[in-house]
Amino acid sequence: LKPFWLSTLCAPAVWHTSRRTARREGGANEFKSMASESGRLSNWTLCFACKSTERAFLESQHDRLGTSMGIGSAMATVYAVSNLIIVFIVGWSTSGGMLETDKSSSITTVRNAQIIAACCQGLICMLVALCPKIRSKFGVVGFEIWVTSMTTTTIVMLITTTPWYLARAFGVEPSSAMRIAAHDDSALLLHMDIVITVSHLLFPVRWIVLLPAEMAPLLLYAAVAIALGSSASLT
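In this numbering scheme, every chain counts its residues from 1 along its sequence in written order. Note on the predicted model: pLDDT of at least 70 is required for a residue's local features to be given, and 80 or more for side-chain atom pairs to be given and counted; whole-chain, interface and lining totals, by contrast, use all residues. To get the side-chain values, take all heavy atoms of the structure and skip hydrogens and water.

## Points about the overall build of the protein chain
Condition: To qualify as a helix, a DSSP run of H or I must reach at least 4 residues; to qualify as a strand, a run of E must reach at least 2; elements of each kind are numbered from the N terminus. Relative accessibility decides the category of a residue: with a 1.4 Å probe and only protein chains considered, values under 20% of the type maximum give buried, values over 50% give exposed, and everything between is partly exposed. We call two residues contacting when some pair of their heavy atoms lies within 4.5 Å. Per-residue and other accessible areas were derived by the Shrake-Rupley procedure at a 1.4 Å probe size, with only the shown protein chains allowed to occlude residues.
The number of helices and strands found in the protein chain is 8 helices and 0 strands. Within the protein chain, the proportion of its 235 residues that are buried is 33%. Relative to all contacts within the protein chain whose residues are 6 or more apart in sequence, the contacts with residues 24 or more apart total 71%. Accessible area of the protein chain: about 14100 Å², with a carbon and sulfur share of 69%.

## Considering the packing of aromatic side chains
By convention here, two paired aromatic rings are described through the distance between centres and the angle between planes. Condition: Only rings of Phe, Tyr and Trp enter the pairing, Trp through its six-membered ring, and a pair is recorded when the two centres are within 6.5 Å. The plane angle decides the type: under 30 degrees is stacked, over 60 is edge-to-face, the rest tilted.
Considering all chains together, one arrives at 6 aromatic pairs under this definition. A centroid spacing of 5.5 Å and a plane angle of 40° characterise the contact between phenylalanine 138 and tryptophan 146, whose relative ring orientation is tilted. Overall, the relative accessible area of 34% leaves phenylalanine 138 in the partly exposed class. The exposure class of tryptophan 146 is buried, given its relative accessible area of 12%. With a centroid separation of 5.2 Å and 75° between ring planes, the pair formed by tryptophan 164 and tyrosine 165 is classed as edge-to-face. Both residues of the pair, tryptophan 164 and tyrosine 165, belong to the buried class. Pairwise contacts between aromatic rings join Phe138, Phe143 and Trp146 into one cluster.

## Quick look at the confidence of the model for the protein chain
Stated precisely, the cut-off is as follows: pLDDT is defined as a per-residue confidence score from the predictor, taking values between 0 and 100.
For the protein chain, the average pLDDT comes to 82, and 80% of its residues sit at 70 or higher. Predicted confidence in the protein chain is weakest over helix α1 (residues 2-38), with a mean pLDDT of 48, and strongest over helix α4 (residues 132-160), with 94. Low confidence marks residues 1-11, where pLDDT is under 50. Its contacts with residues over four positions away, or in another chain, come to 0 contacts. Across residues 26-35, where pLDDT falls below 50, the model places 0 contacts with residues more than four positions away in sequence or in other chains.

## So, the pattern of salt bridges
Just so we agree on the cut-off: Take a side-chain nitrogen of Lys or Arg and a carboxyl oxygen of Asp or Glu: if they are within 4 Å of each other, that pair is a salt bridge.
One pass over the structure, following the stated rule, counts 3 salt bridges. Notably, a salt bridge pairs aspartate 63 with arginine 135, separated by 2.8 Å at the nearest N-O pair. Here aspartate 63 is found in helix α2 (residues 51-90), whereas its partner arginine 135 is found in helix α4, with 72 residues between them in sequence. With relative accessibility at 5%, the residue arginine 135 sits in the buried group.

## Observations concerning the side chain of glutamine 61
Under the convention used in this document: We call two N or O atoms a polar contact when they sit within 3.5 Å, provided that within protein one can donate a hydrogen and the other can accept it, with sequence-adjacent residues counted only if both atoms are side-chain atoms.
By secondary structure assignment, the location of glutamine 61 is in helix α2. Within the local environment of glutamine 61, its side chain forms a polar contact with the side chain of arginine 64, the two groups lying 3.2 Å apart.

## What about helix α8 (residues 211-228)?
Because an α-helix packs 3.6 residues into every turn, residues spaced three or four apart end up facing the same way. Threshold: A helix is expected to span 1.5 Å for every residue after the first. The seven residues ending at a residue and the seven starting there each receive a fitted axis; the angle between those axes is the bend at that residue.
In this model α8 runs 26 Å from its N-terminal to its C-terminal C-alpha over 18 residues, within 8% of the 26 Å that 1.5 Å per residue would give. Along α8, the helix axis deviates most sharply at proline 217, where the bend reaches about 30°. Listed as buried for α8 are Ala213, Ala216, Pro217, Tyr221, Val224 and Ala225. The inward-facing, buried residues of α8 contact α4, α5 (163-169) and α7 (186-202). Phi turns positive one or two residues past the end of α8, at glycine 229, with a value near 90°.

## A look at the nonpolar core
The following threshold applies: Side-chain atoms within 4.5 Å link the members of a nonpolar core, which is a set of buried Ala, Val, Leu, Ile, Met, Phe, Trp, Tyr and Cys residues.
The biggest cluster of nonpolar side chains holds 18 residues, and the ones touching the most others in it are Ile107, Tyr165, Leu188 and Met192. Breaking this core down by element, the ones donating at least two residues are α4, α5, α7 and α8. Those residues in contact with isoleucine 107 that sit more than four places away from it in its chain are Leu99, Leu166, Ala167, Phe170, Val172 and Ala177. Formed by 13 residues, the second largest nonpolar core is a distinct cluster that contains Cys125, Phe143, Trp146 and Val209.

Written out as structure tokens, the structure is:
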């Protein structure tokens, strides 16, 4: 009878222990479920399903994005300033030797103004990107949107500073407005591709954030080519 009485006396303790074990296992499973849910990524956007996890990720990449944007802005500024120096050395009235003086004064003014604006944009972007106090005004999400908008603006300026399309926009025949009559869109397309490639390699953001900048070259070039015509041959 001793085993029977021992089992009877120990039954409450065994029941209590098993209950604690079940609670512990249930809590562990619940924690694993919560951890799995917070770390789950969207297969399409690569964003975290949990908002707190997503925000923590953005905050961890914020300073790195600011540094990367500063480097990218410095590269764009050097390119814009070099173009502005050429304009001043070769001739302001011909926009660096690209346009004829007597037939395209308004086109020259617009192109030179855009080059100056590109230089100012690059300097402002460097200031914003490298200054944490200014970046904090945007917030982590707003700063990513601002980076994408500045990248898209750079692509737009590449198109609007192209003499051939500027002449067409002003209703002037490019062959009469440009000093170099021959024009090929390959240089423009290469510059746009460089901007997109560098932005993807440089900025620590998901592809969905840069989607507007990815679509801008295709849509803008197609729209301009359809509206103003393209210098590229169809054959």
